[in-house]
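# Examining the three-dimensional arrangement
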Amino acid sequence: MTAITGAAPAAARRTARPREAAAVQLVRWGTVAALVAVWEAVTRLTDAGGDYLTSPSRIVADGLPKVLEGGSLTLVGYTTYRFLVAFAITAVAGPAVGLLLGRLNKHVYLGGRDVVSVLYALPMAPLYPLFVLWLGLGDGSEIAFGVIHGIIPVILMTMTAGAAVEPAVLDSGRAMGAGRLRRLLFLVVPACLPDIIGALKIGAALSLLGVLLAELMISVDGVGTFISTQITNHGAAALDAMVLVVCIGALAVNAALSAIEKRASRGRPDRP
């Protein structure tokens, strides 16, 4: 009787979850549609847009064709390459350094956390001329600027997750004869994996931001150069269309990492 009574609420929760997910999607996309409709109405009925904001319909009709031209796509390709390299370095080095600082010992963790927190709070934009001076104008400085933006929060979040692993988990591995490296690879990393992927979502967004900032400040190609040119020429439709393409790319990366995070979190208790 108790088993039957306990199964009923569980079944009810499983039934409610798809409805709740559908409601969330409805609110999410309904909000986006409403904002686009308001944007279209305001720009058509008033002169609020000026030279730098145009209606969504004009962005699609006039701006996207310019972005999809061969020369513009080449610029998108340059930025995509720089972002992917910067994010790859961030995704490999960030968790490795974070877990090392988080698990080495308590004093290293506490001291390292303070240092990384200070670095995270520093504004990086004024430092970009130094990157150009050290690495030259081009891919090297722009990739490095993307890495420095993305890797610091990844290190900070990963070291915090690594330090928070339950001692009982490590004690069980030690009791079964696992050495320090094996405990790190087969106990600490799986325990921290959802947190690591969550950190990489932030790192991806900030790596892209760093690459774009570098291109906007000092560059001869890439999306940042395209945006700067359109601002100078008052090309509102093309500028907004390129921003839209960048946002779609960022959302695609975030969605892929979210799917991986969801898979890595499968079987774990839901967090409040």
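Structure: see above.
Here is a short report on the structure shown in this document. (Residues numbered from 1 in each chain as written. Predicted model: local features only at pLDDT ≥ 70, side-chain atom pairs only at ≥ 80, totals over all residues. Heavy atoms only, no water.)

## Points about the overall build of the chain
- Secondary structure assignment for the chain yields 10 helices and zero strands.
- If you list the helices and strands of the chain from N to C, you get α-α-α-α-α-α-α-α-α-α.
- Surface exposure of the chain reaches about 15900 Å², of which carbon and sulfur atoms provide 70%. (Helix = DSSP H or I, 4+ residues; strand = E, 2+ residues; numbered from the N terminus. Areas by Shrake-Rupley, 256 points an atom, 1.4 Å probe, with all protein chains shown as cover.)

## Focus on the nonpolar core
- Core analysis: the biggest nonpolar cluster contains 30 residues, and Phe87, Val188, Cys192, Val223, Phe226 and Met242 have the highest contact counts within it.
- When residues in this core are grouped by element, the largest group, nine residues, is from helix H8 (residues 180-217).
- When neighbours within four sequence positions are excluded, Val188 is seen to be in contact with Leu99, Arg103, Val165, Leu170 and Arg183.
- Tyr109, Val132, Ala144 and Val211 belong to the second-largest nonpolar core, a separate cluster that totals 18 residues. (Core = buried A, V, L, I, M, F, W, Y, C linked by side-chain atoms within 4.5 Å. Buried < 20%, exposed > 50% of the residue type's maximum accessible area, 1.4 Å probe, protein only. Contact = heavy atoms within 4.5 Å.)

## Looking at the packing of aromatic side chains
- A full pass over the atoms with the stated rule returns four aromatic pairs.
- Seen from their ring centres, Phe83 and Phe87 are 6.0 Å apart, and the 10° between their planes marks the pair as stacked. Of this pair, Phe83 and Phe87 both sit in helix H3 (residues 70-103), four residues apart, which is roughly one turn of the helix. The same class applies to Phe83 as to Phe87, namely buried.
- With centroids separated by 4.9 Å and ring planes inclined at 55°, the aromatic side chains of Tyr128 and Phe145 adopt a geometry described as tilted. One end of the pair, Tyr128, is in helix H5 (residues 128-135); the other, Phe145, is in helix H6 (residues 139-163), with 17 residues separating them in the sequence.
- Cluster of aromatic residues (ring-pair linked, three or more members): Tyr128, Phe131, Trp134 and Phe145. (Phe/Tyr/Trp six-rings, centres within 6.5 Å; stacked < 30°, edge-to-face > 60°.)

## Here's the deal with the side chain of Ser141
- If you trace the backbone, Ser141 turns up in helix H6.
- With residues near it in sequence (within four places) discarded, Ser141 still touches Tyr128, Phe131, Val132, Leu135 and Gly136.

## What to know about H6
- Between its first and last C-alpha atoms H6 spans 35 Å; for 25 residues at 1.5 Å apiece the expected length is 36 Å, and the two agree.
- Of all the bends in H6, the greatest, near 25°, is centred on Ile151, and the proline Pro153 appears no more than four residues after it.
- Of all the 25 residues making up H6, 19 are buried; the element is thus mostly covered by neighbouring parts of the structure. (Expected span 1.5 Å × (residues − 1). Bend = angle between axes of the 7 residues up to and from the residue.)

## Here's the deal with the pattern of salt bridges
- One pass over the full model with this rule turns up six salt bridges.
- Taking the shortest distance from any N to any O, the salt bridge between Asp62 and Arg58 comes out at 3.3 Å. In this pair, Asp62 and Arg58 both sit in helix H2 (residues 56-67), four residues apart, roughly one turn of the helix.
- Across the pair Glu261 and Lys201 runs a salt bridge, and its minimum N-O distance is 3.1 Å. Taken together, the residues Glu261 in helix H10 (residues 236-264) and Lys201 in helix H8 connect sequence positions 60 residues apart.
- Classification of Glu261 as partly exposed rests on a relative accessible area of 21%.
- Taken together, the shared-partner salt bridges connect Arg82, Asp139, Glu142, Glu215 and Asp221 into one network. (Salt bridge = Lys/Arg side-chain N within 4 Å of Asp/Glu carboxyl O.)

## Focus on helix H4 (residues 106-121)
- For H4, built from 16 residues, the straight-helix expectation of 22 Å at 1.5 Å per residue is met to within 8% by its first-to-last C-alpha distance of 23 Å.
- For H4, the secondary structure elements touched by its buried residues are H3 and H6.

## Considerations on the packing of helix H9 (residues 223-232) against H10
- The N-to-C vectors of H9 and H10 enclose an angle of 155°; their axes lie 9 Å apart at closest approach. Overall, the two elements H9 and H10 adopt an arrangement that is roughly antiparallel. As H9 packs across H10, the resulting crossing turns out to be left-handed. On the side of H9, the interface is formed by Val223, Phe226, Ile227, Gln230 and Ile231, while H10 contributes Ala238, Leu239, Met242, Val243 and Val246. (Axes fitted to C-alpha atoms, helices over the stretch in contact; angles between N-to-C directions. Parallel < 35°, antiparallel > 145°, perpendicular 65-115°, else oblique. Left-handed = near helix turned anticlockwise from the far one by under 90°.)

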